[in-house]
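Structural characterization, general
Chain by chain, the residues run as shown.
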Amino acid sequence: MFRTSSNFDKLLDKATSHLLMEPDWPTILQLCDLIRQNDVQPKYALTAVKKKLFSQNQHTALYALLVLESMVKNCGYPLHEELTTRPFCDTLFDWPKRQSMRLLVKSSSN
């Protein structure tokens, strides 16, 4: 499991890199395959994506949303069950507020 989690993290870093000019769909689908094949637990995958959502870089956050969307569409029930837990839903609910507060603080400091 350790090697697979490490591989998942590397693929996630590649798929959410702020240097990308467009989504890296082959890598995103590899991430989905790791979850579907039970090589990575959905809870671990969602925790890793959540960290990317709160990135200071807007491009990384955008690509994290694309990864999350692809996971929802391709990974099935085990991921959906984890995604709909109260803590994760609260995180998604609070995410826009945190992003807008971060932008306000950033603009006021300039």
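As annotated in an unreviewed UniProt entry, the protein is VHS domain-containing protein from Zophobas morio.

This part covers the packing of helix α3 (residues 42-53) against helix α4 (residues 58-74). One way to put it is that α3 packs onto α4 with a least axis distance of 8 Å and a crossing angle of 155°. With respect to their mutual orientation, α3 and α4 come out roughly antiparallel. For α3 against α4, the interelement crossing comes out left-handed. Contacts between α3 and α4 involve A45, L46, V49, K52 and L53 from the first element and T60, A61, A64, L65, V67, L68 and M71 from the second.

Here helix α2 (residues 25-36) is 12 residues long and its end C-alpha atoms lie 16 Å apart, about the 16 Å a rise of 1.5 Å per residue gives. Among all positions in α2, only T27, I28, L31, C32, L34 and I35 are buried. Down the axis of α2, the sector holding all buried residues measures 155°, keeping them to one side.

Below, the discussion takes up the pattern of salt bridges. Counted according to the given criterion, the structure contains 4 salt bridges. With a closest N to O distance of 2.3 Å, D33 and R36 form a salt bridge. Taken together, the residues span about one helical turn, with D33 and R36 both in helix α2 at a distance of 3 residues. A relative accessible area of 29% places D33 in the partly exposed class. On the basis of relative accessibility, which here comes to 45%, the residue R36 falls in the partly exposed class.

Reading guide: rules and limits
Sequence positions are assigned chain by chain, starting from 1 and proceeding in written order. Per-residue local features are limited, in this predicted model, to residues with pLDDT of at least 70; the limit for side-chain atom pairs, both in listing and counting, is 80 or more; totals at the level of whole chains, interfaces and linings are taken over all residues. With hydrogens and water set aside, each side-chain value is computed from the structure's full complement of heavy atoms. Lines fitted to the C-alpha atoms define the axes, with helices restricted to the stretch that makes contact. Angles between their N-to-C directions range from 0 to 180 degrees. The helix and strand labels rest on DSSP assignments: H or I over at least four residues marks a helix, E over at least two residues marks a strand, and numbering proceeds from the N terminus. Here is the rule for angles: anything less than 35 degrees is roughly parallel, anything more than 145 is roughly antiparallel, 65 through 115 is roughly perpendicular, and the remaining ranges are oblique. Take the far helix as your reference; a near helix turned counterclockwise from it by less than a right angle gives a left-handed crossing, and one turned clockwise gives a right-handed crossing. Here, two residues are considered to be in contact whenever any of their heavy atoms come within 4.5 Å of each other. Helix span is expected to be 1.5 Å times the residue number reduced by one. The rule is simple: take the accessible area with a 1.4 Å probe, protein chains only, and divide by the maximum for that residue type; under 20% is buried, over 50% is exposed, in between is partly exposed. Regarding the arc, it is the one traced by the directions from the helix axis to the C-beta atoms. A carboxyl oxygen of Asp or Glu within 4 Å of a side-chain nitrogen of Lys or Arg is what we treat as a salt bridge.

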